[in-house]
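As a plain string of letters, each chain reads:
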Amino acid sequence: MTAIWLPGEPPPRVAFAVGRSVGNAVTRNRVTRRLRAAVTTLEQASPGPEPSEPLDGGAWLFRVGRDAADRPYDRLRSDLHQAVRAVRLR
């Protein structure tokens with residue numbers, strides 16, 4: 001998973017790029033719903049192994065690869081956290 005961030009005013013705007021290589025329309029929509037749910041975990045404080053911070057204001061684009069449909073939700077959420085962390089370190 002990769003993330004792109006364009007700084008801007010709050011609140012953050014989030015978009016997902018889920019290509020046809022992920023699967024048919026039903027599968028792509030399921031992946032998008034799971035990603036949307038994972039983004040909400042970033043907005044909530046979670047004192048776990050991956051402490052989360054709210055997304056910074058601006059536009060966020062998350063792009064997933066073809067293996068996203070087969071990943072369990074916890075792994076997908078972890079990938080999302082790592083992508084956000086990588087953007088913040090740039």
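Here's a quick rundown of the structure. All figures in this text were calculated on a predicted structure; none of them were measured in a lab.

Considerations on the packing of aromatic side chains
- All told, the structure shown has three aromatic pairs when counted by the stated rule.
- Between W5 and W60, the aromatic rings sit 5.7 Å apart at their centres with planes inclined by 25°, giving stacked as the arrangement. A residue pair is termed long-range when its members are at least 10 positions apart, and W5 in strand 1 (residues 2-7) and W60 in strand 3 (residues 58-64) qualify at 55 residues.
- Given the relative accessible area of 28%, W5 is considered partly exposed.
- Ring geometry for W60 versus F62: centroids 5.9 Å apart, planes at 5°, classification stacked. Side by side, W60 and F62 carry an identical accessibility label, which is buried.

Examining helix 2 (residues 73-89)
- The terminal C-alpha atoms of helix 2 lie 24 Å apart, and with 17 residues this matches the ideal 24 Å at 1.5 Å per residue to within 8%.
- For helix 2, the set of buried residues is L76, S78, D79, L80, H81, A83, V84 and V87.

Focus: unusual backbone geometry
- The peptide bond linking P10 to P11 adopts the cis configuration, its omega dihedral lying at 0°.
- Tracing the backbone shows P11 in the loop between strand 1 and strand 2 (13-18).

A short note on the sheet that holds strand 3
- Pairing is mixed in the open sheet, where three strands are placed in the order 1-3-2. The open sheet terminates on both sides in strands that have one partner only, identified here as strand 1 and strand 2. Between one strand axis and the next, the sheet turns through 15° on average, direction left out of account.
- Strand direction decides the pairing type here: strand 1 and strand 3, joined by six bridges, are antiparallel. Looking at strand 3, one finds that P7 is bridged to G58.
- Lying over the sheet, helix 1 (residues 25-43) contacts strand 2 and strand 3, oriented at roughly 150° with respect to strand 2.
- Sitting on the sheet, helix 2 is in contact with strand 1 and strand 3, with an inclination near 45° to strand 1.

Rules of the game
Residues numbered from 1 in each chain as written. Predicted model: local features only at pLDDT ≥ 70, side-chain atom pairs only at ≥ 80, totals over all residues. Heavy atoms only, no water. Phe/Tyr/Trp six-rings, centres within 6.5 Å; stacked < 30°, edge-to-face > 60°. Helix = DSSP H or I, 4+ residues; strand = E, 2+ residues; numbered from the N terminus. Buried < 20%, exposed > 50% of the residue type's maximum accessible area, 1.4 Å probe, protein only. Expected span 1.5 Å × (residues − 1). Pairing = 2+ DSSP bridges. Axes fitted to C-alpha atoms, helices over the stretch in contact; angles between N-to-C directions. Contact = heavy atoms within 4.5 Å.

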